[in-house]
Amino acid sequence: MLVRYDPWSLVNRLQGDIDRLTGLTSRYEDDATSGATTEWTPAVDIKEENDRFLIEADVPGVKPEDIEITMEEGVLTLRGSREGETREETNGYRRVERVTGRFYRRFTLPDTADAEAIKATSNNGVLQLSIPKLPKVQPRRINVEVN
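From a predicted model like this one, the values you see are computed outputs, not experimental measurements.

Asker: Explain the packing of aromatic side chains here, please?
Answerer: Centre distance and the angle of the planes are the two values used to describe a pair of aromatic rings. All told, the structure shown has one aromatic pair when counted by the stated rule. We note Arg82 situated over the ring of Trp40; from NZ or CZ to the ring centre the distance is 4.0 Å.

Structure below.
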């Protein structure tokens, strides 16, 4: 019996804790309330710029039409799948290191994110999500009228 060993699972959990502390929370598939199943977790880079947040997810081999992106109650969800190849070799050894199957990632966005204007693009196996920030509301002075 073969057992899959994931040496990065503890690192991923630590990264999730760091993400939660910094405001862009990443909720992993082992979240008991999510009910999601997953075979792999795409690596992501999260960057904050002056006018937007940028999430780049490594999803090589995943067709854009196989990626579902949803936004609900401040939580951005990425899910999809990467199909495997069927390889037959009768002689010799073979090694397949690319993980296939379903993936699932969730991110809690800060209140400053404009959920209505999120844009997603895919280029060379990298999914890029651009999340604009809401314009800052400037305080305005209210004049008191005399009756």
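Asker: Is there a simple way to think about unusual backbone geometry in this case?
Answerer: Glycine aside, residues mostly have negative phi, and peptide bonds are mostly found in the trans state. Even without being a glycine, Glu73 presents a positive backbone phi close to 50°. Relative to the elements of secondary structure, Glu73 occurs in the loop between strand 4 (67-72) and strand 5 (75-82). Glu73 gets classed as exposed once you look at its relative accessible area, which sits at 78%. Positive phi outside glycine occurs at Asn124, with the angle close to 55°. As for its position among the elements, Asn124 is in the loop between strand 7 (119-123) and strand 8 (126-132).

Definitions and limits used
- Here, residues in each chain are numbered from 1, in the same order as that chain's written sequence.
- With pLDDT at 70 or above as the cut-off, local features in this predicted model cover only qualifying residues; side-chain atom pairs require 80 or more to be listed or tallied, and sums for whole chains, interfaces and linings still use all residues.
- Computation of side-chain values covers all heavy atoms of the structure but excludes hydrogens and water.
- Here is the rule: rings of Phe, Tyr and Trp (six-membered ring for Trp) pair when centre to centre is within 6.5 Å. Planes less than 30 degrees apart are stacked, more than 60 are edge-to-face, and the remainder are tilted.
- Only Lys NZ and Arg CZ are tested; either one counts as a charge over a ring when it is within 6 Å of the ring centre and within 35 degrees of the ring normal.
- Secondary structure elements are defined from DSSP: runs of H or I of at least 4 residues count as helices, runs of E of at least 2 residues count as strands, and each element is numbered from the N terminus.
- Here's how the labels work: a residue is buried when its accessible area is under 20% of the maximum for its type, exposed when over 50%, partly exposed in between, all with a 1.4 Å probe on protein chains only.

Just geometry here; none of it tells us what the structure is for.
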